[in-house]
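Observations on chain architecture
Here's the letter readout for the chains.
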Protein chains: 4
Amino acid sequence: MIKAGIIGATGYAGAELVRILWGHKDVEIKWLGSRSYIDQKYASVYQNMFELIEGECLDDNIGELVKQADVVFTATPQGFLASVMKEEYLKQAKFIDLSADYRLKDKNIYEQWYNIKHQSPQFIKDAVYGLCEINREQVKQADLVANPGCYTTCSILTAYPLIKEGLIDADTLIVDAKSGTSGAGRGAKVNNLYCEVNENMKAYGIASHRHTPEIEEQLGYAAGRKITVSFTPHLVPMNRGILATEYASLIKNPDGSYPDAAKIRSVYEKYYGGEKFIRLLEQGVFPETKWVEGSNYVDINFKIDERTGRIIMLGALDNLVKGAAGQAVQNMNLMFGLAESEGLELVPVFP
Amino acid sequence: MIKAGIIGATGYAGAELVRILWGHKDVEIKWLGSRSYIDQKYASVYQNMFELIEGECLDDNIGELVKQADVVFTATPQGFLASVMKEEYLKQAKFIDLSADYRLKDKNIYEQWYNIKHQSPQFIKDAVYGLCEINREQVKQADLVANPGCYTTCSILTAYPLIKEGLIDADTLIVDAKSGTSGAGRGAKVNNLYCEVNENMKAYGIASHRHTPEIEEQLGYAAGRKITVSFTPHLVPMNRGILATEYASLIKNPDGSYPDAAKIRSVYEKYYGGEKFIRLLEQGVFPETKWVEGSNYVDINFKIDERTGRIIMLGALDNLVKGAAGQAVQNMNLMFGLAESEGLELVPVFP
Amino acid sequence: MIKAGIIGATGYAGAELVRILWGHKDVEIKWLGSRSYIDQKYASVYQNMFELIEGECLDDNIGELVKQADVVFTATPQGFLASVMKEEYLKQAKFIDLSADYRLKDKNIYEQWYNIKHQSPQFIKDAVYGLCEINREQVKQADLVANPGCYTTCSILTAYPLIKEGLIDADTLIVDAKSGTSGAGRGAKVNNLYCEVNENMKAYGIASHRHTPEIEEQLGYAAGRKITVSFTPHLVPMNRGILATEYASLIKNPDGSYPDAAKIRSVYEKYYGGEKFIRLLEQGVFPETKWVEGSNYVDINFKIDERTGRIIMLGALDNLVKGAAGQAVQNMNLMFGLAESEGLELVPVFP
Amino acid sequence: MIKAGIIGATGYAGAELVRILWGHKDVEIKWLGSRSYIDQKYASVYQNMFELIEGECLDDNIGELVKQADVVFTATPQGFLASVMKEEYLKQAKFIDLSADYRLKDKNIYEQWYNIKHQSPQFIKDAVYGLCEINREQVKQADLVANPGCYTTCSILTAYPLIKEGLIDADTLIVDAKSGTSGAGRGAKVNNLYCEVNENMKAYGIASHRHTPEIEEQLGYAAGRKITVSFTPHLVPMNRGILATEYASLIKNPDGSYPDAAKIRSVYEKYYGGEKFIRLLEQGVFPETKWVEGSNYVDINFKIDERTGRIIMLGALDNLVKGAAGQAVQNMNLMFGLAESEGLELVPVFP
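Just so you know, these numbers come straight off a predicted model, no measurement behind them.

**As for the sheet that holds strand β10 (residues 242-249) of chain D**
All names here are of chain D. One open sheet holds the seven strands; their spatial order is β8-β9-β7-β10-β13-β12-β11, and the pairing between them is mixed. With one partner strand each, in any of the chains shown, β8 (202-203) and β11 (278-280) form the two edges of the open sheet. Where strand β7 (residues 174-179) and β10 come together, six bridges link them in antiparallel fashion. Looking across to β10, one finds that Lys-178 is bridged to Leu-243. Of the strands in this sheet, β7, β9 (230-235), β10, β11, β12 (298-305) and β13 (310-317) touch helix α8 (residues 150-164), which is tilted by about 140° from β13.

Below, the structure written as structure tokens:
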């Protein structure tokens, strides 16, 4: 059994980790860290776990935790892990960080977008960006995985093959993303009250959301050069789910025609045909967040618009699963040599 | 492997059966019956099952189905199974009927409340009412199980121990129940449109809902006499979940005092202490539908109100799981001698 | 023009007062009190009022306010008005208090249920309970109106005529009420976050909610004696609306029969036939909260259940309008001799 | 009093017309047409209008209707009005058509996108596109107004000034729009059931939605040339509201710099500064659908993104008010020489 510790176990992403790890046959949860609920029964904070989880919430004693755990998940605010990480901890346990601390290779970009001084930039270099379908081999070797953001996972995977194969002009990429409210966390803020979110739709973080540089960096690797992307997140009155609608100009064939649907599809197939957790939908069927809810799937499809010369790509995932806890477990499975889908055979719940 | 056939596989309860049976290690789904979608891919009707279920929807050929299946689930409109059932089918396969056809022992009451003539009353006698926690031993022996209604499962289990032990006056029982909209089915009706249900709350079937005689019959067995119950269902703008708020007058102790909370709790413990799928919540914690969503649990608790001499009992379950498909699988497990919780280790999803 | 001041203008009830008074042709809003947002533009707190309300939020300087205003609305936490009220203020302005401070005639009951010491019990006696349809004449003379609670308005009006006329046994009255989330206020609490309320249904304040004694007192007046009532509120995932489902035993006619629907209806007509804001629905049509949303209406109907000897009464209103701000304005109209419906010709919005 | 007739009075847009016209002091509703509900009381179809509207639904007898009415609103399926319109009707009454029949000047484009043969193209030329803020003077003279689509009103108004003034490259315009479900109408379709829409987010009509040519035509007039636009609508789990997020490349100043926020704002002010129903929000405040719900407002703002050289423009409106019935009444006011905002002083409802 792999012994797992979670810091930040009472946030929504942390709670989803608990739910998934509870059902993972090779994992035992040893540490439920939650500074806000120390000594309270975990199941009193998340009553759904009543009679399933007996333990109490513990403080964030990472030094002690690494002694007890083989793997540490940090579902914590930005800056936390960077501020406490030490070389010795990485020798004692593997780390999967759900925050952004080690996602960006350029510390200056991190500091600029997050407005935090990075406390341990020395670990950035060896941290692996844990987008399993793209960095699988590196993840297997990693001691520290930077688990991608929810929006970024969806945004990157939806466009990646077409950028990698040079079918679209990466600099024309516009990502209009819509997220359920669990993405905003469990903090008690007026903006996230039921009556403020319900029956409402809004954009936020316009041209300034912190997932932007993460998308740009990763898709830049695919493009083979630095790119900029327009990214606009929106808050949707639903609990879970992200839908990314992405627009880009198609690069014409040498004969001046646009690549056709068969060509585009073949490229998606090339990259994702063997991927269990990416479902390329049938022609004319477009992703809906409800069809992936509760599961680790990303559903993807596209539509060519010859009138405008653009392609519209769409991707959907559950922000708490493939967008956070599910992908973290997928990374753990890779790091520990388990079957990649172990504990993740979650059937989407409908309705 | 148990071979299972489902008639009515494209309703919400049928789809939930598919979801649960897909994850059941001892079951193979052999037949996805759906008159409305014959020859269409099941996954095109329920896109969440894309790449999980390959088959197509089949017609309701029950004669053929019983040859291929060990167990037949009927998630069909009232009257369907009664109209096609034959003695020989029961020799070929076990039946679990999610409709009301064999729930009521008195055919006249069935005909009166459902306004349908019962086509095969001869099977009523041997049908077992599949409320597992109460009729476990009979279910094990049954060839035909009448799977209880969603409201009835919740309503009965919430009050059962107190009636059985004579702590409340059964004739004062009032059940005010609230259900998510999946209980109304997937039929295309104006009343169930998003804009009609959303931001709305209403009662329906007032003093006339067809689950009433089912509650009365079963709780009547517990009371040892015929009883009448006030039952009012309500439609709630949410997908899943039933909450039953039940009121009854406490029967005083010989010394004129009311039974106290410890006494009441001990009675619940007596009946449910060993039940995996019934969670008696801690004192002061009351059921919320969200805490059981997606799972087979019933959460129960109570509050004594000495001012009025009443007790308020509360129960919550997921209408599609413990209220339909989950309980059907629980019944199947009992009928086939499997562990009762096989395939039902579903952790409630939150949020 | 009547000059109005609002203390607590940035809570949901306060904001609804602003919305309604803005459209009231005889009223000018002179004071938008909000301790939390002092000096901020009101429209920056409630962006819906952008370009409609120019003013800024002011502190709770009641001494100054009574000099500027003819009427003061207090949409404040329990205990606030009682703690600041002075005899002289009542000489300078009329008061309509949306809190519970002067609703209960027995100060001990107030202190027991609210767990607050009443700071100015001397004003209780002359305060008028502002349930307009019942206390219209007293309201017209009042200087201080205790505006009823949202649940209480709905609960009382739904049962009042039948209790008043002795058709039901008041001590058997059970009120099972369901409310939208705006009733919980705009405070930043985890329990009221979108993800906690959405897709969830729960009871709260079971056998202990503070609107209970208010219902008991007022219906006690109708019954002509002290009564106790079972009252259970529930939180519904919607913004606005209260639905009360009320159960009571019918009192038989001298000949042993139950009063029939025509009789019951005639009694409702007797009390409400001339009431603009109470709509007794046609036979077989039952209240839904959506049909009154945004308006000052209370929709009411009933169903006799001869099987159990009970009647089920149902009432629906918008908790922020007839349950709070609308009724407050209705009281103001009465107090100032205006047409009772002035500013309240609000058509329910659907969908 | 202006006598108004409505054909299609029981759809959501028709019902909103009824709600608004009911409160319009210069209008009397003479005809509630609804083929599906002939002879039924209107208030039994829309129970919110109980005791407000007494009449019954009538058949679509347009010949009779024009004799009784001064203005006819058609909230009907595409093709209806075109199939019945006659020259003589236009002499008897003014027409405001909420369908698309006369919106597009090029009949071929209509026939191609709507897949209907246009039955009366001779009326297209004189029909005025009723986007009041842009075509005010023509509307005043019109006998037949083509009331704009919900998406189109929002999409056009949000970008119009910047295209008109040549600040953005019209061919780079991408409109990602999100709509509440009332836009899908009241037809009984599985796709619009509560359980299918709730907790779900999806795009539809990708690169093929019929509002696309309408946006292109109108913004083409502003650009002074034919343009193509990418338009993607999405269905949001809420009743009302449209949010349009629009992306375009800024056209650089002669010195190579981008136009700054002050410049952009001044252009919006130039066109909308005097418009009552367009609210240009303060810097940094972005539109949310909830802030305009129930009202005739369009809220607009923008953000310059120098990194990508794009501007993000956002607009929000209530699809049933400014996106349909409200704008229709605004057009009527103009056509009859009334104050433009008569009957439209609707304060947005929050929450």
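**Quick look at the pattern of salt bridges**
Enumeration over the complete set of coordinates arrives at 104 salt bridges over all chains. Across the pair Glu-340 of chain B and Arg-136 of chain B runs a salt bridge whose closest N-O atoms are separated by 2.8 Å. Note that Glu-340 of chain B is positioned in the segment after α12 (321-335) and Arg-136 of chain B in helix α7 (residues 132-141), a separation of 204 residues in sequence. A single burial state applies to Glu-340 of chain B and to Arg-136 of chain B, both of which are buried. One salt-bridge network, held together by shared partners, links Glu-16, Arg-19, Arg-240 and Asp-318 of chain A.

**Side note on the interface of chain C and chain B**
At the interface, 49 residues of chain C touch 49 residues of chain B. Both sides together, the interface formed by chain C and chain B hides about 4000 Å², and carbon and sulfur atoms give 55% of it. Summed over the shared surface of chain C and chain B, the result is six salt bridges. Between Arg-307 of chain B and Glu-216 of chain C there is a salt bridge, and its shortest N-O distance comes to 2.4 Å. Our count for the contact surface shared by chain C and chain B stands at 30 residue pairs in polar contact (both at pLDDT 80 or more). Those elements that provide at least two residues to the side of chain C that touches chain B are β7 (174-179), α9 (194-197), β8 (202-203), α10 (212-223), β9 (230-235), β10 (242-249), β12 (298-305) and β13 (310-317) of chain C. Counting residues per element, the side of chain C that touches chain B draws most heavily on β7 of chain C, at four residues. Its residues placed into classes, the side of chain C that touches chain B shows 21 nonpolar, 13 polar and 15 charged.

**Regarding the pairing of β12 of chain C**
Residue and element names in this part refer to chain C. Counting buried positions along β12 gives seven out of eight residues, so the element sits mostly inside the fold. As defined by bridge partners, strand β11 (residues 278-280) adjoins β12 across three bridges and the pair is classed as parallel. Looking at β12, one finds that Arg-279 is bridged to Asp-299. Counting the residues in the hairpin turn of β12 and β13 gives four residues, including Gly-309, whose phi is positive at 75°.

**A few points about the relation of the copies chain D and chain A**
The operation linking the two copies of the chain is a rotation about an axis combined with a translation along the axis. Placing chain D over chain A gives an RMSD of 0.0 Å and needs a rotation angle of 180°, together with 0.0 Å of translation along the axis. What we have between these two chains is a two-fold relation. Proximity to the rotation axis, assessed at the C-alpha, singles out Pro-237 of chain D in chain D; its C-alpha lies 3.2 Å from the axis. A high fraction, 100%, of the interface residues of chain D reappear at the interface in chain A, so the copies pair face to face through one surface.

**Section: the packing of helix α1 (residues 12-22) of chain C against helix α12 (residues 321-335) of chain C**
All names here are of chain C. It is at 9 Å that the axes of α1 and α12 come closest, and there the two elements cross at 45°. In terms of their interaxial angle, α1 and α12 are classed as oblique. Here the hand of the crossing between α1 and α12 comes out right-handed. Residue-level contacts link Ala-13, Glu-16, Leu-17, Arg-19, Ile-20 and Leu-21 of α1 to Val-321, Ala-324, Ala-325, Gly-326, Ala-328, Val-329 and Met-332 of α12. Residues that form the contact of α1 with α12 fall into these classes: ten nonpolar, one polar and two charged.

**Comments concerning the confidence of the model for chain A**
Predicted confidence across chain A gives a mean pLDDT of 98, with 100% of residues reaching 70 or more. Of the two predicted TM-score estimates for the complex, the pTM is 0.98 and the ipTM is 0.97.

**Points about the interface of chain D and chain A**
Contact residues are listed per partner, giving 49 residues for chain D and 49 residues for chain A. Regarding the contact of chain D and chain A, the summed buried area is about 4000 Å², with carbon and sulfur atoms giving 54% of it. Seen at the junction of chain D and chain A, the total is six salt bridges. The salt bridge partner of Lys-178 of chain D is Asp-176 of chain A, with a shortest N-O separation of 3.0 Å. At the level of secondary structure, the elements contributing two or more residues to the side of chain D that touches chain A comprise β7, α9 (194-197), β8, α10 (212-223), β9, β10, β12 and β13 of chain D.

About the criteria used
Residues numbered from 1 in each chain as written. Chains lettered and ligands numbered in written order. Predicted model: local features only at pLDDT ≥ 70, side-chain atom pairs only at ≥ 80, totals over all residues. Heavy atoms only, no water. Pairing = 2+ DSSP bridges. Helix = DSSP H or I, 4+ residues; strand = E, 2+ residues; numbered from the N terminus. Contact = heavy atoms within 4.5 Å. Axes fitted to C-alpha atoms, helices over the stretch in contact; angles between N-to-C directions. Salt bridge = Lys/Arg side-chain N within 4 Å of Asp/Glu carboxyl O. Buried < 20%, exposed > 50% of the residue type's maximum accessible area, 1.4 Å probe, protein only. Buried area = accessible area lost by both parts, 1.4 Å probe. Polar contact = N/O pair within 3.5 Å; in protein donor to acceptor, adjacent residues only side chain to side chain. Nonpolar A, V, L, I, M, F, W, Y, C, P; charged D, E, K, R; others polar. Least-squares fit on C-alpha atoms with pLDDT ≥ 70 in both. Parallel < 35°, antiparallel > 145°, perpendicular 65-115°, else oblique. Left-handed = near helix turned anticlockwise from the far one by under 90°. pLDDT = per-residue confidence, 0-100.

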